[in-house]
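An overview of the molecular structure
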Amino acid sequence: MEGTQMAATTTTPTTILGVLAPKGNAARLATNLTTIVLGTLLLTISAKISVPVQPVPVTLQTFAAAALAAAFGWRIGVATVALYLLEGLSGLPVFSAGGGLGYLMAPSFGFLVGLLPMAYVIGLAADNGASGQPARLFVAMLLGDAIAFAFGFAWLIVVFSMILNQGGALPGWLDAGNLIGSAYDGAIKPFILWDIVKMAFAAVTVTGAFTLLRRKA
């Protein structure tokens, strides 16, 4: 009973999922659980669509995560990303280069973890009415994406600092004497424009779909 009652509070009418969700609590709970699982499948597919550049491939993951969070709201959005991360760390090949606990030391893992706060920020904005406002949703997506970048960059520095401290060799694109600067130039700077475009496309897609569904509801 508590689970079905909780289902009524996990979505809001200001999101696409909230508009489409059935009225009954039990049916809504089933819909939410199905949505989370299907959302992880979409994140998996988006991870496999990539341009293989080093050290972090350009994928559609941030686009998918932003769109899902905006469409589902923060609770379902964060739950979807969390389940996706658990799937990958358990060994399922859902990440761009597979899965498993070894991924914890991958330079790109911080960007994956950053999808959690990203989903929260974007989903919260959607829950508070941004789904029908392209500019507002776009700003929220840029903020969430910037947070994901910060997580990713911080973890990348940690991983390569550990390699240096252990006497290991860094990739050729990194300068040991200017680790932060060269890491930013190689792992952040080239992707900023890509993600601005992806966030703009995600915002337009979600707000367009939300507006259309509200008119038909």
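Read on for an overview of the structure. Nothing here was measured: the structure is a model prediction, and the numbers come from that model.

1. As for helix α8 (residues 134-165)
In an α-helix, one full turn covers 3.6 residues, which means residues spaced three or four apart are oriented alike. Helix length check: α8 (32 residues) gives 46 Å between terminal C-alpha atoms against 46 Å at 1.5 Å per residue, within 8%. Once α8 finishes, G167 follows within two positions and takes phi at roughly 80 degrees, a positive value.

2. Thoughts on the nonpolar core
In this structure, Y84, L112, M118, I122, L137 and M141 are the most contacted members of the largest nonpolar core, which totals 40 residues. At the level of elements, α2 (16-20), α3 (25-48), α4 (61-72), α5 (74-89), α6 (109-113), α7 (115-127), α8 and α10 (192-216) are the ones that each hand at least two residues to this core. For this core, the element with the highest residue contribution is α4, accounting for 10 residues.

3. Structural notes on the side chain of S131
Within the fold, S131 resides in the loop between α7 and α8. In this structure the side chain of S131 is engaged in a polar contact, spanning 2.7 Å, whose partner is the backbone oxygen of T14. Dropping the residues within four chain positions of it, S131 is found in contact with T14, T15, A70, A126, V206, T207 and F210.

4. A few points about the pattern of salt bridges
Applying the stated criterion across every chain yields a total of 2 salt bridges. Among the salt bridges present, the one from R75 reaches D127, with a minimum N-O distance of 3.9 Å. Taken together, the residues R75 in helix α5 and D127 in helix α7 connect sequence positions 52 residues apart. Under the relative-accessibility criterion, R75 is labelled partly exposed at 33%. A salt bridge links K198 to D195; the shortest N-O distance between them is 3.1 Å.

5. Looking at the packing of aromatic side chains
Under the definition given, this model contains 7 aromatic pairs. Ring centres 5.2 Å apart and planes at 75 degrees place the aromatic pair W74 and Y120 in the edge-to-face group. Note that W74 is positioned in helix α5 and Y120 in helix α7, a separation of 46 residues in sequence. A residue is classified by how much of its surface remains accessible, and W74, at 27% relative accessible area, is partly exposed. Arranged with centres 6.2 Å apart and planes meeting at 90 degrees, the rings of F111 and F149 form a pair that is edge-to-face. With a gap of 38 residues between them, F111 in helix α6 and F149 in helix α8 connect regions that are remote in the sequence. Since its relative accessible area comes to 14%, F111 is described here as buried. Here a set of aromatic residues connected by ring pairs shows up, and it is made of Y84, F95 and Y103.

Parameters at a glance
Residues numbered from 1 in each chain as written. Predicted model: local features only at pLDDT ≥ 70, side-chain atom pairs only at ≥ 80, totals over all residues. Heavy atoms only, no water. Helix = DSSP H or I, 4+ residues; strand = E, 2+ residues; numbered from the N terminus. Expected span 1.5 Å × (residues − 1). Core = buried A, V, L, I, M, F, W, Y, C linked by side-chain atoms within 4.5 Å. Buried < 20%, exposed > 50% of the residue type's maximum accessible area, 1.4 Å probe, protein only. Polar contact = N/O pair within 3.5 Å; in protein donor to acceptor, adjacent residues only side chain to side chain. Contact = heavy atoms within 4.5 Å. Salt bridge = Lys/Arg side-chain N within 4 Å of Asp/Glu carboxyl O. Phe/Tyr/Trp six-rings, centres within 6.5 Å; stacked < 30°, edge-to-face > 60°.

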